Amino acid sequence: MVQRTAQYERAVHRYELNAAVRRSIIGGLDLPVDPDLVDDDQPLFGRGLELDSLDTLEIVSLMEEDFGVYITDEQRFVFGSVNKLVDFAEASQPALDGA
Amino acid sequence: MVEEKIVADQSSARPVALITGASRGIGQSSAVAMAEAGFDIVGFSQSGDSGNSETCRLVNLAGGAYVTHKVNVAVESDVRSAFRSLLTANGRRLHAVVVSAGITSDGLAATMSADRFDSVIAVNLRGTFLVCREAIKAMRKTGGAIVLLSSTSGVSGQAGQVNYSASKGGVNAMTQALAKEVAGLGIRVNAVAPGFTETDMFRRMDVKARNGLIQHIPLQRVAKPEEVARAVRFLATEESSYITGQILPVDGGLTA
Ligand SMILES: NC(=O)c1ccc[n+]([C@@H]2O[C@H](COP(=O)([O-])OP(=O)(O)OC[C@H]3O[C@@H](n4cnc5c(N)ncnc54)[C@H](OP(=O)(O)O)[C@@H]3O)[C@@H](O)[C@H]2O)c1
């Protein structure tokens, strides 16, 4: 049986948060993709999920509505991947951080 | 808490209009005009007025519900948190946004302090931008209408008002730019440019200056706030469904 250390709880929390963000984005954008099959390090724009500027508006709005995370173009880097988005979410919204 | 009134009323089929500067003047008259057109009203003002305010009484009389938030539109965090509580608490679609919060702080350019200049830009221009930014996100899926309050000073410039004229000229350009940017989302953006209108803002002017101005107005009188509000209502509702990016003067012929 896995020992439930703080690190383990933290990893589970992060795994669940990534999954929730993927579901929110894929669902909100109505993309024909299984959220569980999206790579957390895959770019959201360009070659990755091939999103456009209208999708940016949707992601920014969804992140605020679903997770209380506010994004402006100063944080453009968050669109690098789901992991970057969640890193920023945890940093800016301590309540989301499982630590 | 006042906000809860509208929460409890989530089932209401009445459309919702957000009006900044709703506590007084043109904002108050716009709230009443929109309530008469079947809207419930969410008001932003610096004082937050109250559930017992004159605006609340008049909106209720016109058949609308009224909820108020204390917001300094120049402060980003104020605007963001007001929108957040409005959207999460309310759960109802936002159909129209009227940006009427505005200030003057007149003086001659040569002696105007940078702070005096900035204070007017902060409320009239930055505040308008901050409200529009959140409004676009709130209306992104459903479309809607945004009406900004400009001024004839933003069209032709007014001596003694470089700060105010610049802010309203900025509002005019913002109206046109934003209209193009969000048309694809089904959001229309227009402005009303009142001339002199009988509100606290006008009453603060020097009496001699006020009387002198009237002789330059072809209709020979200042506007009542309700007359400006009717133009606001036109642009905020489906009555103007094919109009966007326009600045409508309501000025008794001043700029004709
Ligand atoms: N009256 C005119 O002759 C005239 C002419 C042309 C254009 N306009 C424009 O029309 C709009 C309305 O003017 P008005 O004559 O109705 O003005 P007003 O009677 O002086 O009322 C101003 C309103 O704006 C609110 N406000 C001011 N600063 C604010 C801030 N930082 N944050 C939130 N709310 C704020 C006030 O709230 P509080 O009650 O809490 O202070 C009040 O509700 C303004 O944009 C003005 O520039 C007016």
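What counts, and at which threshold
- Residues numbered from 1 in each chain as written.
- Chains lettered and ligands numbered in written order.
- Predicted model: local features only at pLDDT ≥ 70, side-chain atom pairs only at ≥ 80, totals over all residues.
- Heavy atoms only, no water.
- Helix = DSSP H or I, 4+ residues; strand = E, 2+ residues; numbered from the N terminus.
- Rg over C-alpha atoms; globule rule 2.2 N^0.38 Å.
- Buried < 20%, exposed > 50% of the residue type's maximum accessible area, 1.4 Å probe, protein only.
- Contact = heavy atoms within 4.5 Å.
- Areas by Shrake-Rupley, 256 points an atom, 1.4 Å probe, with all protein chains shown as cover.
- Lys, Arg positive; Asp, Glu negative; His and termini not counted.
- Charge placed at Lys NZ, Arg CZ, Asp CG, Glu CD.
- Phe/Tyr/Trp six-rings, centres within 6.5 Å; stacked < 30°, edge-to-face > 60°.
- Lys NZ or Arg CZ within 6 Å of the ring centre and 35° of its normal.
- Right-handed = clockwise from strand over helix to strand, strands pointing away.
- Expected span 1.5 Å × (residues − 1).
- Bend = angle between axes of the 7 residues up to and from the residue.
- Pairing = 2+ DSSP bridges.
- Axes fitted to C-alpha atoms, helices over the stretch in contact; angles between N-to-C directions.
- Near = heavy atom within 4 Å.
- Polar contact = N/O pair within 3.5 Å; in protein donor to acceptor, adjacent residues only side chain to side chain.

Concerning the overall build of chain A
Looking only at helices and strands, one finds 3 helices and 0 strands in chain A. Listed N to C, the secondary structure of chain A is α-α-α in terms of helices and strands. Radius of gyration (C-alpha) of chain A: 14 Å, near the 13 Å computed for a compact globule of 99 residues. Its C-alpha atoms give chain A principal-axis dimensions of about 45 × 25 × 20 Å. Within chain A, buried positions represent 42% of all 99 residues. Considering only intrachain contacts with a sequence separation of at least 6, the fraction spanning at least 24 residues in chain A is 54%. Surface summary for chain A: the accessible area is close to 5800 Å², and the carbon and sulfur share equals 52%. Mean positive and mean negative side-chain charge positions of chain A (8 and 20 charges, respectively) differ by 7 Å.

Examining the overall build of chain B
If you tally the helices and strands in chain B, you get 10 helices and 7 strands. Overall size of chain B, expressed as C-alpha extent along the three principal axes, is 50 × 35 × 35 Å. Here chain B, with 256 residues, has 50% of them falling under the buried criterion. Total accessible area on chain B is roughly 11300 Å²; 54% of this is exposed by carbon and sulfur atoms. Here chain B contributes 26 positive and 22 negative side-chain charges, whose respective centroids are spaced 2 Å apart.

Overview of the packing of aromatic side chains
All told, the structure shown has 3 aromatic pairs over all chains when counted by the stated rule. Taken together, a centroid distance of 6.0 Å and an interplanar angle of 90° make the contact between Phe77 of chain A and Phe88 of chain A edge-to-face. Of the two residues, Phe77 of chain A sits in the loop between helix H2 (53-67) and helix H3 (82-92) while Phe88 of chain A sits in helix H3, which places them 11 residues apart along the sequence. A residue is classified by how much of its surface remains accessible, and Phe77 of chain A, at 48% relative accessible area, is partly exposed. Residue Phe88 of chain A is classed as buried on the basis of its relative accessible area, which comes to 15%. Measuring from ring centre to ring centre gives 6.0 Å for Phe196 of chain B and Phe202 of chain B, while their planes differ by 50°; the resulting arrangement is tilted. Assigned by exposure class, Phe196 of chain B and Phe202 of chain B land together as buried. In this arrangement the basic side chain of Arg80 of chain B is found over the ring face of Tyr70 of chain A, its NZ or CZ atom lying 3.5 Å from the centre.

A closer look at the pairing of strand E1 (residues 16-20) of chain B
Residues and elements named next belong to chain B. Counting buried positions over the 5 residues of E1 gives 5, a clear majority of the element. The two faces of E1 match: Val16, Leu18 and Thr20 on one face and Ala17 and Ile19 on the other face are all buried. Remark: the E1/helix H2 (residues 25-36)/strand E2 (residues 40-45) crossover connection has right-handed handedness.

So, helix H5 (residues 114-139) of chain B
Over its 26 residues, H5 of chain B extends 36 Å from the first C-alpha to the last, a length consistent with the 38 Å expected when each residue adds 1.5 Å. The sharpest bend along H5 of chain B measures roughly 40° and falls at Ala122 of chain B.

Observations regarding the sheet that holds E2 of chain B
All names here are of chain B. Spatially, the 7 strands line up as an open sheet ordered E3-E2-E1-E4-E5-E6-E7, and their pairing is parallel. Each edge of the sheet is formed by a strand with only one pairing partner; in this case those strands are strand E3 (66-70) and strand E7 (247-250). This sheet shows a mean twist of 20° between the axes of neighbouring strands, independent of strand direction. Pairing analysis gives 5 bridges linking E1 to strand E4 (residues 94-99), with the strands arranged parallel. Bridging across to E4, Leu18 finds its partner in Val97.

Quick look at the site of the ligand
Residues and elements named next belong to chain B. If you check the shell around the ligand, you find 30 residues, and the closest are Ser23, Ile26, Ser47, Tyr164 and Thr199. Take Lys168: an N or O atom from its side chain is 2.8 Å from an oxygen atom of the ligand. Between an oxygen atom of the ligand and a side-chain N or O atom of Thr199, the distance comes to 2.5 Å. Going through the elements one at a time, H2, helix H7 (162-182) and helix H8 (200-203) are the ones with two or more residues in the shell around the ligand.

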